[in-house]
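Coordinate analysis (summary)
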Amino acid sequence: MLALHGRVAAPISHLGTKHQGRRAVQLFGRPTSTHKQARSAVTPMAQKRAGDEEKMALVNKAKCFIFDCDGVIWKGDKVIDGVPETLDVLRSLGKKLFFITNNSTKSRAGYLKKFQSLGLPVQAEEIYSSSYAAAAYLESINFQKKAYVVGEEGIQEELDLKGIKHIGGPADGSKAVNLKSGEYMHHDPEVGAVVVGFDRYINYYKIQYATLCIRENPGCLFIATNRDAVTHLTDAQEWAGNGSMVGAIMGSTKQEPNTVGKPSGFMLDNIANTFKLQKDEICMVGDRLDTDIMFGKNGGLSTCLVLSGVTTEETLLSPDNKITPDCYMGQLSELMSVKDKLKVAA
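Our subject in this report is the structure included herewith. Model, not experiment: these values are computed from the prediction. (Residues numbered from 1 in each chain as written. Predicted model: local features only at pLDDT ≥ 70, side-chain atom pairs only at ≥ 80, totals over all residues. Heavy atoms only, no water.)

With that settled, consider the nonpolar core. If you look at the biggest cluster of nonpolar residues, it comprises 36 residues, and the most contacted ones within it are Phe65, Phe67, Ile73, Phe99, Phe115 and Val285. Elements represented by at least two residues in this core include exactly α3 (52-61), β1 (64-68), α4 (83-92), β4 (96-101), α5 (108-117), β13 (282-286), β14 (302-306) and β15 (327-329). Looking at this core, the element that brings in the most residues is α4, giving four residues. Residues within four places of Val285 in sequence aside, it is in contact with Phe65, Ile66, Phe67, Asp68, Val72, Cys304, Val306 and Leu332. (Core = buried A, V, L, I, M, F, W, Y, C linked by side-chain atoms within 4.5 Å. Buried < 20%, exposed > 50% of the residue type's maximum accessible area, 1.4 Å probe, protein only. Helix = DSSP H or I, 4+ residues; strand = E, 2+ residues; numbered from the N terminus. Contact = heavy atoms within 4.5 Å.)

Written out as structure tokens, the structure is:
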């Protein structure tokens, strides 16, 4: 059985926030050139790629690196060029490494197999998935009822490891609603939480069942593993993400979910507390502004954006963007340009 050291001992009070990260990028009228110049003056660090000096400072300051997976370590089932060598260098310098993913389709055990299949030597305790976060959150509030799962096996496996009863998931993937006069769907009154993760087999039955539980079962929780707009199911293109599944149930229940994946601080607090790390010694490396970089900024971490995933340089440098990383690079392996200097410094 794979498990992270320690337990989450208290409920997370800030999970019900209004997702500041997702609202931080807003569209306004196109600014004049004067406005563009003013913006450049207040965010100079993000106006050019990190040079060797910035890379050295980033690595020397951080005792720990937290990496997003999709778009940073891999895309689909392909490792991004130079990642294995870069991770080896960081480990040789004594840096702690953690890998956080908002994708809930796999459990930590499932992700460990993926890392191994890609030739990446990662330990189980270094992996944090949003499927684990959902189960750990329910454990932290001493949840005793059943969970209804809109999602795949990863969530169910993590719930099993925590001893949390659940229904739904892939078993409901083939169920259909055949509407006729007087049609009435029964639901389990013992469901006390609906957990919504990425689900390639989502259907109207699951949406209706989740809606009934949230609206009709007193105190039923609505938990989202994440609200990412898109995801990398393959390396060929972006695919609709869990935000579409969560959005469907938000629309029918008129309720905001508690989000346990990035940019919520749930996983960050668990890492920092378990491994006795100061947050200003941690650097978050990700490819998304509104989840990865906001996750780091909300937690007081150093932040580095890579352009190997979702975010383009045009989006980052747009005057409409209000989320500014401490530095940015094309991809993680660009740190290798200072490899020899780092080894000398170490």
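Next comes the rest of the description.
On to the packing of aromatic side chains, then. Taken as a whole, this structure holds eleven aromatic pairs when the rule is applied. Relative to Phe266, the ring of Tyr137 lies with its centre 6.2 Å away and its plane at 80°, an arrangement referred to as edge-to-face. Placement of the pair is Tyr137 in helix α6 (residues 130-140) and Phe266 in helix α10 (residues 266-274), with a sequence separation of 129 residues. The exposure class assigned to Phe266 is buried, which follows from its relative accessible area of 2%. Within the aromatic cluster, the residues linked to one another by ring pairs are Phe65, Phe67, Trp74, Phe99, Tyr111 and Phe115. (Phe/Tyr/Trp six-rings, centres within 6.5 Å; stacked < 30°, edge-to-face > 60°.)

Let us now look at unusual backbone geometry. Each neighbour pair has its own omega, and for Lys262 with Pro263 the value is 5°, a cis peptide bond. Inspection of the secondary structure puts Pro263 in the loop between β12 (258-259) and α10. One non-glycine residue, Asn142, lies in the positive phi region at around 55°. Looking at the secondary structure, you find Asn142 in the loop between α6 and β6 (146-150). Among the residues examined, Asn142 registers a relative accessible area of 55% and is labelled exposed. Although it is not a glycine, Lys254 sits at a positive phi angle of roughly 60°. The exposure class of Lys254 is exposed, given its relative accessible area of 71%.

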